[in-house]
Amino acid sequence: MIRTSFNDNWQVRPKVNPFAELAGQTVPYEEVTLPHDAMIGQERTAAGEGAGAYFPGGVYEYRKTFFVPEEHRGRRIVVEFEGVYRDASVFVNGDYAGRRPYGYSLFRVDADRFLRFGQDNEIRVEARAHQDSRWYSGAGIYRDTWLLVGDPVRIAPDGVRVTTPDIDAERAVVEVATTVVNDSLAIRTVELVTELRDPAGAVVAGGTSRVTVLPGEPAIARQRLYVRDPALWSPGTPALYGCGVTLTDVDFEDAERVTFGIRSLRLDPEHGLRINGESVKLRGACVHHDNGVLGAATFARAEERRVQILKEGGFNAIRMSHHPMSKAMLDACDRLGMLVVDETFDMWTSAKSPFDYSLSFPEWWERDVEAMVAKDYNHPSVVMYSIGNEIPETGTPSGAAWGRRLAEKVRALDGTRYVTNAINNMLAVMSDLARFREQAEGAGINTLMADAGDAMNAIAASDLVTERTAESYGVLDVAGMNYSDSRYALDHEKFPDRIILGTETFPTRIDRNWALVEQYSTVIGDFTWTGWDYLGEAGIGRPQYGERPVFTAPYPYLLAGCGDIDITGHRRPASYYREIVFGLRTQPYLAVQRPQHHGKPSVGGPWAWSDTLSSWTWPGHEGAPIIVEVYGDADEIELLLNGRSLGRRPVDRFRTSFETAYEPGELLAVAYRDSIETGRATLRSASGPVLLRAQADRPVVTATGGDLAYVTLTLTDADGTLHTSADQPVRVEVSGAGVLIGLGSADPSTGERFDATERHTYEGRALAVVRPTGPGKIRLLASGPTGVEIIIEVQERNA
């Protein structure tokens, strides 16, 4: 089918009761280009919920007028939505055309029966979001839309599926299964031509088949092709092949092209996960779907940028949490070599929010699983499907039966990948915790329960959990465990054939967890919560001081505050620590505790990193005590301040710390192993006038295809040293071939909006995001303590 972007010329407004409209209450429409998040522009208030970042819910109405030519009469016309949050209802020319309750599934609406040919038509989409998510969900048509037009005999959408069942050094067997549909009244025999192209674009294999298709009965044409000397896809060498399929007859032609990778997967207790025969440990990041200052709007460049930065931070795998990944992010993972665990649901039959998907799950789960697998099938980056996250039912026989249904459904759709379930063992036995307390009495459990993470681990290792989760783990290829590293050694003995994945872990425990991952072949990886900070679950990772931590931070808190990387894409200290633990960084890293909190008892929760910043600029604290943390894979580290040695300290768990009095200048850390220097790191104080600088992520962007320009705004001194303590407002103006679609910072607690043209920096940084509107030049003028202008060129996509 011919695929055309359907993103332009939409309008949106909060939905108005038609009786209120009759009474004169009108709400005007706003012109928008998709993808679009209708929630991010709403007013946050303390009346909201921390889970949703204090944004209100609502019902939103989109509409678009589009012309359908007379020559399309008799053809099949489909509107494809990659994601609408949530409870989408679609109307074409006023007639109900379809719906989708789940906010993360790709779905299609057959529009041709409702269309008026040779004239304008209207499509209208309603979306609802209200107390249905444990994190910021956004609302509206937040992913791409497409118009698909094809003949009655055609290749079905998602109808080309490629597998590589047999690979060796000499050749790879590539099996291409193409589904052809026939909506005509006659038997049709068509010719199917398939070509495979290597990463350089050269044709390396091909074949032709004749396919007879009966009316109303899809036919699958399966072709077995052979690629000599194949280039294998892996995280280190993400080689992608193209598969083009052309369907022809005397009076029509249809074509489809997909990309795929040639790679093999193996799984066993002795070698763990193997890709192309080599064992791979998953250095994983859990990631929510929002794009920071853009809200939930899913642009291809935003997804690609996140994958790039996560990989630069040492990750080789993403677990999409807790819903299916966007097509754009899957494409980026394929290109960049990032492994994927794609997840279905955050709930099954047991609700976690008053109006969540559990209300629709019994009726819709199969269609949503089918949509996820169809989306993922040709993506070599996807190695595993997760059938759920922290599902309370997993500790019951009924829940285990549901797990079996889901696992077998996935296997029936795709037998080439593995099935997991991110089980929270404590949640699975929540109803029986009194029994656990009786078992634990006298075992020193009170000490463990003083820390939430220790409590979860203690419960996870109990006999109660072993008994209650046995069947739920038994239906899986990989036992996904959230916050249950206490079971790694235990299950290695109890269940030697059980392969475990740490599907969600505390960031503060990565050193110990990673040691277990490396020690046990049955433990194939660790996924931190989280790799990238996100909107909602307000403040769960924030530093706290006092007597006891509070899970949710009050308004105006906005962010969770627990990502290795902040919402602007800047790596935080935890990211560099993790990179060192993974063995990917030899240089030490300096992180300084904020001096204003010196001496206060820290009570942050298990998702909270130390309250540190990689800065030696602390005006107003001269002479005050200050603690410097140094991370490194070393025996000892020496710290020097303005050339004076502050001594050497041994390194424990990849870190050490020094207490000194703050004085501006230069801070130098030198790492040693066996008394030989292995690396050094330096921080310098900013001094002199504050300057505003702007840096685009790329000098040239494309006009279409979901591309964006990211412009980082920083406050520095004349030498380029970041002024982390001089935050102030900056204003941004964009003209020419682009529009400003987001301006923000990583400030976790602020009442400022992302859709404004002025924003305070945070720790010396802010981020502007610009969407190209056509070929030409984008001019961005930023003003603050000084003014700065940059020019970004916009080219046609094929230029």
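Before reading on, note that the structure itself is shown above.
Residues numbered from 1 in each chain as written. Predicted model: local features only at pLDDT ≥ 70, side-chain atom pairs only at ≥ 80, totals over all residues. Heavy atoms only, no water.

Caption draft 1: Representation of the nonpolar core within the structure. Grouped together as the largest cluster of nonpolar side chains are 118 residues, with contacts concentrated most on Trp10, Tyr62, Phe81, Ile123, Leu310 and Phe345. Residue contributions to this core peak at six residues, all from helix 4 (residues 361-376). (Core = buried A, V, L, I, M, F, W, Y, C linked by side-chain atoms within 4.5 Å. Buried < 20%, exposed > 50% of the residue type's maximum accessible area, 1.4 Å probe, protein only. Helix = DSSP H or I, 4+ residues; strand = E, 2+ residues; numbered from the N terminus.)

Caption draft 2: Representation of the packing of aromatic side chains within the structure. Per the stated rule, a full pass over the model turns up 32 aromatic pairs. When the centroid spacing of 5.5 Å and the interplanar angle of 75 degrees are considered together, the rings of Tyr102 and Tyr104 count as edge-to-face. Here the aromatic rings of Trp616 and Tyr662 are separated by 4.9 Å at their centres, their planes lie at 70 degrees, and the arrangement is edge-to-face. A residue pair is termed long-range when its members are at least 10 positions apart, and Trp616 in the loop between strand 30 (612-613) and strand 31 (625-631) and Tyr662 in the loop between strand 34 (655-661) and strand 35 (666-673) qualify at 46 residues. Trp616 gets classed as buried once you look at its relative accessible area, which sits at 0%. In textbook terms, an aromatic cluster arises when at least three aromatic residues are bridged by ring pairs, as seen for Tyr85, Tyr102, Tyr104, Tyr142, Phe345, Trp348, Tyr357, Phe361, Trp365 and Trp402. Just above the ring of Phe658 sits the side chain of Arg649; from NZ or CZ to the centre is 5.9 Å. (Phe/Tyr/Trp six-rings, centres within 6.5 Å; stacked < 30°, edge-to-face > 60°. Lys NZ or Arg CZ within 6 Å of the ring centre and 35° of its normal.)

Caption draft 3: A look at the pairing of strand 19 (residues 272-275). Where strand 18 (residues 265-268) and strand 19 come together, four bridges link them in antiparallel fashion. Among the inter-strand pairings, Leu265 is bridged to a residue of strand 19, identified as Ile275. The antiparallel hairpin formed by strand 18 and strand 19 contains three residues in its connecting segment. Here strand 19 pairs with strand 20 (residues 278-279) via two bridges, running antiparallel. In the sheet register, Arg274 faces strand 20, and the bridge partner there is Ser279. (Pairing = 2+ DSSP bridges.)

Caption draft 4: How the structure looks around unusual backbone geometry. Pro35 follows Leu34 through a cis peptide bond whose omega is 0 degrees. Summarising the element assignment, Pro35 is placed in the loop between strand 3 (30-32) and strand 4 (58-68). Despite not being glycine, Arg653 shows a phi value in the positive range, around 55 degrees. Take Arg653: it is sitting in the loop between strand 33 (644-650) and strand 34.

Caption draft 5: Quick peek at the sheet that holds strand 5 (residues 76-81). The sheet built from four strands is open, its strands ordered 1-10-5-8 with antiparallel pairing. Single-partner strands in this sheet number two, and they are strand 1 (2-5) and strand 8 (107-110). Adjacent strand axes in the sheet meet at a mean angle of 25 degrees, parallel and antiparallel pairs treated alike. Of the pairings in the sheet, the one linking strand 5 to strand 10 (residues 145-150) comprises six bridges and is antiparallel in character. Following the sheet pairing, Glu80 is matched in strand 10 by Trp146. (Axes fitted to C-alpha atoms, helices over the stretch in contact; angles between N-to-C directions.)

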